[in-house]
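Residue strings, one per chain:
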Amino acid sequence: TDYLARIEAQNAAINAFITVDRAGALAAADAADAAIAAGTAGPLAGLPIAHKDIFCTEGVLTTCGSKMLANFVSPYDAHVVSQLKAAGVVSLGKTNCDEFAMGSTNENSAYGAVKNPWNLSRVPGGSSGGSAAAVAAGMIPAATGTDTGGSIRQPAGLCGITGIKPTYGTVSRYGMVAYASSLDQGGPMAHTAEDCALLLNHMAGFDSRDSTSLERAKDDYSAQLSQPLAGLKIGLPKEYFGEGLAADVRAAIENALAELRKLGASTVEVSLPNTHLAIPAYYVIAPAEASSNLSRFDGVRYGHRAAEYKDLAEMYAKSRSEGFGKEVQRRILVGTYVLSHGYYDAYYIKAQQLRRLIAEDFKQALSQCDIIAGPVAPTAAWGIGQMADDPVQMYLADIYTIAVNLAGLPALSTPAGFSAEKLPVGLQLIGNYFGEARLLNVAHQLQ
Ligand code: GLN
């Protein structure tokens, strides 16, 4: 009830929640209390959390930030939701996000922009901006997010919290509405690396309902938290510290790196020479997959359906143009174009080749160090409306996060200090496949 009161007091100003499930939360809290009394409680019994509104939740509205799903109540829980439920968490509701997770500012939501709690005229980042803002404002201690090209790390960075995107295949995508299936990964967002580790322990694991879920022994993400950093070799990609990185963000990152050196780590320069190809490759592959994934929203079985139409074709066209926002339509068009006959080889196949080169870059760099460190975003949080009419400028701000998704690697954002305007700056740590526990260890030592 404490957190429900905080949400009620702050949500009008921050707009972090699309749905507050008061009745469900109170019932779940009572159940958790009863389980604690009976000695049958799960390890996270009673922990209040919120889910990004892209995870299906049984009996609770799941909008994906879209008008298309304004009335969609899922008949089942996403794997992440049911796993966390089994551990005893109490979900207080669903957080705002860019429509179908497409965006870097949370301005592409049919339910309005989310405000950054550090400065209400700034964006919280996106697409998991509602989750990041809710945690940063103290409306909830932890939330789930999804990261296709930075959507956990970038809002975590811009809001001064911790968020981790696990290795592709670690967290089941079952019930997580698909944006770009070969890139999407769910993960936790919380104040600390320790809390993220705790949550990830219950989110990760094999699930036969996701064909890309990896069948391997369960990791304990909390196990290495207190390991000393002596001997840790951190690679600094020279491409991540070049032109385009704001001076105040660079200074905050340098400070955090100095702190890590004091804790016993050493740094070495590495190179990711194909970094400049990450944005063009991503903005072909992600829309291509999105155009295919979003074809299911046709107004027939679920989702928005136009009120009036002459025939089936007009029903599809009207339902989709009314239900989807501008950015989603732009991506469907781009995706359909790059997949169409005559352009497929020139764009989609080329982008897949670039993806391979980008993954090779990381392999090379990670053979010279244990983890890679750099910025999450080129600047601290920018103004609401500042990039709203310039999608390309917004895509360019994803430069440090999207290559990680193309390679399928794990990465997190941990607070690194503040910008000149006293806004949070995130430090990004990138690990090798299944290196989550080490990343959380380094972040924990820094925190
Ligand atoms: N900003 C990127 C995009 O718009 C990443 C979004 C995400 O990770 N879901 O596609």
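In this text, all values refer to a predicted model and were calculated from it rather than measured experimentally. (Residues numbered from 1 in each chain as written. Predicted model: local features only at pLDDT ≥ 70, side-chain atom pairs only at ≥ 80, totals over all residues.)

A. Quick look at the sheet that holds strand β3 (residues 90-95). Reading across the sheet, the 11 strands line up as β1-β3-β2-β4-β6-β5-β10-β11-β9-β7-β8 and stay open at both edges, with mixed pairing between neighbours. The sheet terminates laterally at β1 (17-20) and β8 (266-270), the two strands that pair on one side only. The sheet shows a mean angle of 30° between the axes of neighbouring strands, direction not considered. One ladder, built from 4 bridges, connects strand β2 (residues 48-52) with β3; its direction is parallel. (Pairing = 2+ DSSP bridges. Helix = DSSP H or I, 4+ residues; strand = E, 2+ residues; numbered from the N terminus. Axes fitted to C-alpha atoms, helices over the stretch in contact; angles between N-to-C directions.)

B. Local environment of the confidence of the model for the protein. Overall, the prediction assigns the protein a mean pLDDT of 96, with 100% of residues at 70 or greater. The ipTM assigned to the predicted complex is 0.97, against a pTM of 0.97. (pLDDT = per-residue confidence, 0-100.)

C. A look at the pairing of β3. Burial within β3 is extensive, with 6 of its 6 residues counted as buried. Relative to β3, β1 runs antiparallel, the two sharing 3 bridges. Paired with Thr19 across the strands is Lys94, a residue of β3. After leaving β2, the chain enters helix α3 (residues 79-86) and then returns to the sheet as β3, a path that is right-handed. (Buried ≥ 20, exposed ≤ 12 C-beta atoms within 10 Å, placed from the backbone. Right-handed = clockwise from strand over helix to strand, strands pointing away.)

D. Layout of the nonpolar core. Of all hydrophobic cores here, the largest spans 133 residues; its most connected members are Ala133, Ala134, Val135, Ile140, Met189, Ile371 and Leu429. It is helix α8 (residues 278-293) that provides the largest number of residues to this core, a total of 9 residues. If sequence neighbours within four positions are ignored, Ala133 has contacts with Ile14, Ala16, Val114, Lys115, Asn116, Pro117, Pro124 and Cys159. (Core = buried A, V, L, I, M, F, W, Y, C linked by C-beta atoms within 7 Å. Contact = placed C-beta atoms within 7 Å.)

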